[in-house]
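The chain contents come next:
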Amino acid sequence: MTTYILRRLVAFVPTMFGISFLVFLMLYFVPGDPAQMILGVDATPAAVQALQVSMGLDQPFVPRLLGWYGRAVQGDFGRSYYLNRSVVEAIAERVPVTLQLTGIGLIIAILIGVPAGIIASVRQNTWIDALVMGGAMLGLALPGFLLGLLLIFFVALPTGWFPTGGYVPLFQDPLGNLRSLALPGLSLGLAQGALIARMTRSSMLEVLRLDYVRTARAKGLHEQIIINRHVLANSLIPIITVIGIVAGVLLGGAIAIETVFTLPGVGRLVISAVKRRDYPLIQGVILFITFSYLAVNLVVDLLYMMVNPRVRYS
Amino acid sequence: MSRSPRIRTVLIAAILAIAGTSVAQTGGEIFRAAMQTNPPTLDVMTSTAFATRQTAFYFFESLVAYDEEFDVVPMLAESWEVNDQNSLYTFHLREGVNFHNGDVMEAADVVASFERFIEVSPRKSRFARVEEIEAIDDSTVAFHLAAPDATFLAALASPLSYAAIMPAEIIAGQEVGELEVEEMIGTGPYRLVDWQPDRFVKLVRFEEYSVNDSLERTGLGGAKIANFAEIHLVPVTEPSARVAGIQSGEYDYAEALPTTQFTQLQADPGVETYITRPGVWYVLEFNHSNELTGNLTFRRAIQAALDMESVARAMTAGQEDFYRLQPSLFFNEQAQWWNEAGAEAYNQADVEKARALLEESGYAGEEIVLLTNRDYDSMYKAVLAVANQLETNLGMNVSVNVLDWPGQRAFEKNKEGWHITPTFYSLRFDPSDFESSFHSSAGRKFYNNPVMDAAMERGAAGATLEERQAAYEEAQRIFYDDVTALKLADVFDLEAVRTEYVGFQSWYTPRFWGVEAE
């Protein structure tokens, strides 16, 4: 088991190498000039060129790539052009926000999605099923930013119970922290919960049709026990998979929600880095997102083993 | 029946209590402003970015500044003398001006600051004539110029990237981007105490600020009274989040609000709206190195065709309060420079004439590429409107290439692959600032016209205001005759302040000195 985890961790390395190469390649070919962005619209061409040289942007592709790899393997991911700090520091500052947002969003999504999916599947083809699945469709179809804006205008503004944006650090003011993350978490949770509900329903339906469920019913087992112990337990693998995907997506930063609610998370970091062509920061954040995905994947695989004893890795 | 009023009372009390706590959190001594972007740096000497100077105005001051009427007024200098040849400028500094670190400003600080400025500023070429900066005594500084320069004061006062006066001991040997937050020591009414990029800039009142009481508060000069203990500038990039924030009282001020929300905000009793004048003017620049757009007749055809009213409506969602159609390179508010030279060529909307010119130019249906971006919504809408007019009215073969803003800026540097690109010109405090747009030395969009160069040079060298006005009027006429670029329209922003505050004056940039709680 430990060997398995170690082997998986080692396999992260080539993936991350490959991803960073692709990102480097794309950034090299996408037009854009950080020196121009730093100096502003009214800078003279000569000033822009001088800054390009001092930033090493006049260098060809291969030396730049090798230089970056050389420093990255020593743990030096460079300094952000704009944020006045190292790439590692910049990411480390944003991670708590993203982690908290992911946690809250995921909990809400599971609390809504799993029960809704179970009810819909057990009451298949009734008005309850139609209502739940209609709601899920709506949740999937509504873009996240729109849901966020609706919550701001119809919950935050009239009641004043929640701020319309901004982030309060957890250790500075725990209650304020919760208030600042409630609406963004709800927007994320509703949308992702819809996805989980659909997956739960279809996975449950598949199991409900199996012979052993009929047998269980025939021998007079209580319906509650059948659903919980026999059906749900055996439908968990696809549900866990989709929860894993949701977690990966959220860890990569909920860009729209972070923008609407002005939360300083990883998603806004990567967007603003791209908008300013902050090359070292883009590289660093993409690597971080890649790592999160790989780590979530690993956790999901380990969870499979827990919920289904037949799954064994060696 | 008897119970429901009591429930209502309890509910109202609860809501008031909650509302009360949120007001206590945001009001009082901290003034919070929702800004549209995060500054790339706060070292105003090294960048012309708008967000940089907007922030720096609170802690960095210069020798001279522009007032509300766009005239140069004293700031850290008390007075100055100019010799007859416009080649020696002597400044007398105000005495006893404190830096944020407790030092008192002296001539040596001015010399060191200016030396750093002409080393690191993107506008340093503007000061190429400065030969020597001499500290005559502790409170007198002389600038010796190698050649006459009538625009020296105007250039010095220009806030685009300005010679902020900093303590000599701090800036010695510093380079671009090397100033740390704690090294941003100026003489302004607020001190910079914290900057978390993309999160906030925290400014704290400078208790030993030396108020320049020789003048009322005006523009960037005069008496700057700091009424708030702290000012927090918070970048809120999503426009609707700024709207929600100012309406809920989360922020006390918000800039660049969507003009489509104007009516809604006007109806809100908690919010006072302002239309920011002057704003910027939008412009389409031509690729002068291209065969088609390098052809004057072709450019004239496009100039003749466009109906600016409909372009401006597209840019502002049809809100008439937020655009102005006027031909000048200068804003109407810049009374000493505004003129009407070449006006007949602006906003012609003459399709017949345009068709004739297009035929004369030899255009044979080649593809015309318009660049644009979605970071600036106004540019995107403007280009779509223009493309539509060229297609339907002139039957041109138009394609629109949508990039992001940095991508567009980089793409424009290619000689091939594009014909027309949008941008905006921010307020040019002094007309000589147009050199970076029109003079061939700037190489902007490969434009090179010796007649334009001569007019710009006459304007920069002119000894009297009349001479300079004549030169820039001529430059404006050439701008239209030669179709250097196409002016679309002046466009204004919407900004808002909570009604709990009085004393806000809308101008080129928000300034929170002189603003106070009612």
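Observations concerning the overall build of chain A
Line of reasoning, step 1. On a plain count of helices and strands, chain A comes out with 13 helices and 0 strands.
Line of reasoning, step 2. The secondary structure elements of chain A, listed N-terminal to C-terminal, are α-α-α-α-α-α-α-α-α-α-α-α-α.
Line of reasoning, step 3. Seen along its three principal axes, the alpha-carbon backbone of chain A occupies a region of about 85 × 55 × 35 Å.
Line of reasoning, step 4. Counting the 314 residues in chain A, one finds 40% classified as buried.

Some words on the overall build of chain B
Line of reasoning, step 1. Within chain B, the secondary structure is distributed over 15 helices and 19 strands.
Line of reasoning, step 2. For 518 residues, the compact-globule estimate of 2.2 N^0.38 gives 24 Å, and the C-alpha radius of gyration of chain B, at 25 Å, lies within 12% of that figure.
Line of reasoning, step 3. Dimensions along the principal axes, computed over C-alpha positions, put chain B at roughly 85 × 75 × 35 Å.
Line of reasoning, step 4. The long-range share in chain B, meaning contacts at least 24 apart out of those at least 6 apart in sequence, stands at 69%.

What about the environment of B:Pro122?
Line of reasoning, step 1. Inspection of the secondary structure assignment puts B:Pro122 in the loop between helix H3 (107-120) and strand E6 (130-137).
Line of reasoning, step 2. According to the C-beta neighbour criterion, B:Pro122 is buried, with 27 such atoms within 10 Å.
Line of reasoning, step 3. Along the chain, B:Pro122 and B:Phe31 lie 91 residues apart, while their C-alpha atoms are 32 Å from each other.
Line of reasoning, step 4. The residues contacting B:Pro122, other than those within four sequence positions of it, are A:Leu39, A:Gly40, A:Ala43, A:Thr44, A:Ala47, B:Ser47, B:Thr48 and B:Ser161.

Focus: the environment of B:Val271
Residues and elements named next belong to chain B.
Line of reasoning, step 1. Mapped onto the elements, Val 271 comes out in strand E12 (residues 271-286).
Line of reasoning, step 2. Look at Val 271 and you get partly exposed, because 19 C-beta atoms sit within 10 Å.
Line of reasoning, step 3. Linking Val 271 and Tyr 253, residues 18 residues apart in sequence, is a C-alpha distance of 9.1 Å.

A word on unusual backbone geometry
Residues and elements named next belong to chain B.
Line of reasoning, step 1. Here the amide bond leading from Arg 277 into Pro 278 is cis, since omega sits at -10°, within 30 degrees of zero.
Line of reasoning, step 2. Note that Pro 278 resides in strand E12.
Line of reasoning, step 3. Phi is positive for Ala 317, close to 55°, though the residue is something other than glycine.
Line of reasoning, step 4. Position of Ala 317 relative to the elements: it lies in the loop between helix H9 (308-315) and strand E13 (323-324).
Line of reasoning, step 5. A residue is classified by how many C-beta atoms lie within 10 Å of it, and Ala 317, with 15 of them, is partly exposed.

Quick notes on the pairing of strand E11 (residues 253-257) of chain B
All names here are of chain B.
Line of reasoning, step 1. When you tally the buried positions in E11, you get 4 out of 5 residues, the bulk of the element.
Line of reasoning, step 2. Note that strand E1 (residues 30-35) and E11 share 2 bridges and pair parallel. Each bridged residue has a counterpart across the sheet, and for Ala 34 the counterpart in E11 is Ala 254.
Line of reasoning, step 3. Note: E11 against strand E17 (residues 485-498), 3 bridges, orientation antiparallel. Across the sheet, residue Tyr 253 finds its bridge partner in E17, namely Val 497.

Things to note about the interface of chain B and chain A
Line of reasoning, step 1. Each side of the interface is counted separately: chain B has 36 residues, and chain A has 40 residues.
Line of reasoning, step 2. Of all the secondary structure elements, the ones that give two or more residues to the side of chain B that touches chain A are helix H1 (3-26), helix H6 (239-248) and helix H12 (405-411) of chain B.
Line of reasoning, step 3. Looking at the side of chain B that touches chain A, the element that brings in the most residues is H6(B), giving 6 residues.
Line of reasoning, step 4. Here the residues of the side of chain B that touches chain A are counted per class, giving 16 nonpolar, 13 polar and 7 charged.

Quick word on H6(B)
Line of reasoning, step 1. Burial within H6(B) is extensive, with 9 of its 10 residues counted as buried.
Line of reasoning, step 2. A positive backbone phi angle near 90° is found at B:Gly249, which sits one or two residues after H6(B).

Points about the sheet that holds E6(B)
Adjacent strands of a sheet form backbone hydrogen bonds with each other and so pair up, either parallel or antiparallel.
Residues and elements named next belong to chain B.
Line of reasoning, step 1. The 4 strands lie next to each other as E4-E5-E7-E6, forming an open sheet whose pairing is antiparallel. Every interior strand has two partners, whereas the edge strands, strand E4 (77-82) and E6, have only one. Averaged over all adjacent pairs, the angle separating strand axes in this sheet is 20°, with direction ignored.
Line of reasoning, step 2. Here strand E5 (residues 88-93) pairs with strand E7 (residues 140-145) via 5 bridges, running antiparallel. Pairing of Thr 90 across the sheet is with Ala 142, part of E7.

Some words on the packing of helix H5 (residues 87-122) of chain A against helix H13 (residues 279-307) of chain A
Residues and elements named next belong to chain A.
Line of reasoning, step 1. H13 packs onto H5 with a crossing angle of 50° between their chain directions and a minimal axis gap of 9 Å. On the basis of the axis angle, H5 is oblique to H13. Crossing of H5 over H13 shows right-handed handedness. Note on element contacts: H13 touches H5 through Pro 280, Leu 281, Gly 284, Val 285 and Phe 288, opposite Val 87, Ala 90 and Ile 91.
Line of reasoning, step 2. For the contact of H5 with H13, a count of residues per class yields 7 nonpolar, 1 polar and no charged.

Observations concerning the confidence of the model for chain B
All names here are of chain B.
Line of reasoning, step 1. For chain B, per-residue confidence averages 90 on the pLDDT scale, and 93% of positions sit at 70 or higher.
Line of reasoning, step 2. Within chain B, no element has a lower average pLDDT than H1, which sits at 40, and none a higher one than helix H8 (residues 296-305), at 97.
Line of reasoning, step 3. In the predicted structure, residues 1-28 sits below a pLDDT of 50 and forms 10 contacts with residues beyond four places in sequence or in another chain.
Line of reasoning, step 4. Prediction confidence for the complex, expressed as pTM and ipTM, is 0.83 and 0.74 respectively.

With respect to the nonpolar core
Line of reasoning, step 1. In terms of nonpolar packing, the biggest core is built from 194 residues, with B:Ala33, B:Val311, B:Leu488 and B:Ala489 touching the most fellow members.
Line of reasoning, step 2. It is helix H8 (residues 174-208) of chain A that provides the largest number of residues to this core, a total of 11 residues.

Thoughts on the pairing of E7(B)
Residues and elements named next belong to chain B.
Line of reasoning, step 1. Pairing analysis gives 6 bridges linking E6 to E7, with the strands arranged antiparallel. The residue of E7 that forms the bridge with Asp 137 is Thr 140.
Line of reasoning, step 2. Connecting E6 to the antiparallel partner E7 that follows it, the hairpin turn spans 2 residues.

Calculation rules
Residues numbered from 1 in each chain as written. Chains lettered and ligands numbered in written order. Predicted model: local features only at pLDDT ≥ 70, side-chain atom pairs only at ≥ 80, totals over all residues. Helix = DSSP H or I, 4+ residues; strand = E, 2+ residues; numbered from the N terminus. Buried ≥ 20, exposed ≤ 12 C-beta atoms within 10 Å, placed from the backbone. Rg over C-alpha atoms; globule rule 2.2 N^0.38 Å. Contact = placed C-beta atoms within 7 Å. Pairing = 2+ DSSP bridges. Nonpolar A, V, L, I, M, F, W, Y, C, P; charged D, E, K, R; others polar. Axes fitted to C-alpha atoms, helices over the stretch in contact; angles between N-to-C directions. Parallel < 35°, antiparallel > 145°, perpendicular 65-115°, else oblique. Left-handed = near helix turned anticlockwise from the far one by under 90°. pLDDT = per-residue confidence, 0-100. Core = buried A, V, L, I, M, F, W, Y, C linked by C-beta atoms within 7 Å.

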